[in-house]
Amino acid sequence: MSFANSAIIRDHLLLDIDRLVRLNMDSWTGRVLLMEEAKKITFQLTVKQLMSFDPCEWTENLMKEYMLVIEGFFTIPLPIFSTTYRRAIQARTKVAEALSLVVGERRREIERGERKNDMLAALLDEDGGGGGGGFSDEEIVDFMLALLVAGYETTSTIMTLAVKYLTENPIALAQLKEEHDEIRATKGEKEALQWEDYKSMPFTQCVVNETLRVANIISGVFRRAMTDVTIKDGYTIPKGWKVFASLRAVHMDHRHFKDARTFNPWRWQNNSGTTGSSSVNVFTPFGGGPRRCPGAELARVELSVFLHRLVTQFSWVAAEQDKVIFFPTTRTQKRYPIIVQRLKQVQPCKD
Ligand code: HEM
């Protein structure tokens, strides 16, 4: 099931992304914990994409419970020893119950002939007319929970790290801002971004690629060899073995990316970003093959819109030193606090 291809993003999601990013940024003043704000935005976006709910008390409560579920991911899975794990299991039950009610209500709406245009509707459609046996409520809830997890941590971290890298690279930030100021100059302050605007952000796409390359939000992927696989230099991975393919090791390899540890968005101006002439794709932040991340395009659009609204509305400085850490997940130690200042809007001249 395709839930975030270019056409869906262009025709449905882009407006919501722009609106929800703006809505959140409207309340920013002074010191902002960027990672927390980015999480709020990506959670709200995913909920909207899944079941069409705008931010409200219900979504806020859902997010509180859901954060307890996420905390449980990084604890020892033994309820007797870990309060965090116990709390996470209880919270997962609550989130699943809340989502089940939504699925039930939606089934009743469909019986009354009402239909929404979101991920949940698509899942229920598969149920009715797909001929594949249909999904049970439990399967749908499970899928929704998985999607909340897949898009939330990853995209909010990439937003935070893009801002951190740009703050540390004023020349890149200035060039990015110039690109976005030019787009905004053709529109009113509040006017929504259009798909053509997103498509006219070449330097932003360099920044997005370079952030994905350096940050390595997902450090690697597991695969099982379905048959004996012979790889370079005569090594064979025997059938049945599990392999961890390290995406980070390739992205940080100076044979592919010159000065691989340096954040250099301009390297993408030659499109492939690589130094070598290898025809093998060495840039795979979203994995590869049939399991490649289905949210790749959505994540790119979310980050681009986020950067657009940030650089056209604010200037900022880092509030304190913060460090990127990579274990157990990629994130910054202090949730990247920044001090923001709202830019004065320049009004167009009147005759
Ligand atoms: C910067 C943001 C993101 C990064 C770096 C990222 C990265 C990845 C990676 C590396 C995989 C494993 C692919 C493989 O095994 O080859 C994956 C899987 C997946 N991602 Fe993403 N992702 C991001 C955002 C999203 C978003 C926004 C969504 C949806 C809302 C999403 C949904 C999924 C799903 C459902 C899978 C599992 C696919 C499968 O197993 O068939 N991701 N992602």
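Quick notes on the rules
Residues numbered from 1 in each chain as written. Predicted model: local features only at pLDDT ≥ 70, side-chain atom pairs only at ≥ 80, totals over all residues. Heavy atoms only, no water. Helix = DSSP H or I, 4+ residues; strand = E, 2+ residues; numbered from the N terminus. Rg over C-alpha atoms; globule rule 2.2 N^0.38 Å. Contact = heavy atoms within 4.5 Å. Areas by Shrake-Rupley, 256 points an atom, 1.4 Å probe, with all protein chains shown as cover. Lys, Arg positive; Asp, Glu negative; His and termini not counted. Charge placed at Lys NZ, Arg CZ, Asp CG, Glu CD. Near = heavy atom within 4 Å. Polar contact = N/O pair within 3.5 Å; in protein donor to acceptor, adjacent residues only side chain to side chain. Nonpolar A, V, L, I, M, F, W, Y, C, P; charged D, E, K, R; others polar. Expected span 1.5 Å × (residues − 1). Buried < 20%, exposed > 50% of the residue type's maximum accessible area, 1.4 Å probe, protein only.

This part takes up the overall build of the protein chain. In terms of helices and strands, the protein chain carries 11 helices and nine strands. A compact globule built from 351 residues would reach a C-alpha radius of gyration of about 20 Å, and the protein chain, at 22 Å, matches this within 12%. For the protein chain, the share of sequence-separated contacts (at least 6 apart) that also reach a separation of at least 24 residues comes to 67%. Carbon and sulfur atoms form 55% of the exposed surface of the protein chain, whose accessible area is close to 19100 Å². Across the protein chain, the 46 positively charged side chains and the 44 negatively charged ones have centroids separated by 6 Å.

We now examine the site of the ligand. Around the ligand, a shell composed of 21 residues is seen, among which R223, G287, G288, R291 and C293 lie nearest. In this structure, G288 approaches the ligand through a main-chain N or O atom, which is 3.1 Å from an oxygen atom. Within the side chain of R291, an N or O atom sits 2.8 Å from an oxygen atom of the ligand. Counting only elements with at least two residues in the shell around the ligand, the list comes to helix 6 (137-167) and strand 2 (220-224). Counting residues per element, the shell around the ligand draws most heavily on helix 6, which supplies six residues. Of the residues in the shell around the ligand, the class split is 12 nonpolar, seven polar and two charged.

Taking 1.5 Å as the rise per residue, helix 9 (residues 202-215) with 14 residues should run 20 Å; its terminal C-alpha atoms sit 20 Å apart, in good agreement. When you tally the buried positions in helix 9, you get 13 out of 14 residues, the bulk of the element. Positioned one or two residues after helix 9, N216 has a phi angle of 45°, which is positive.

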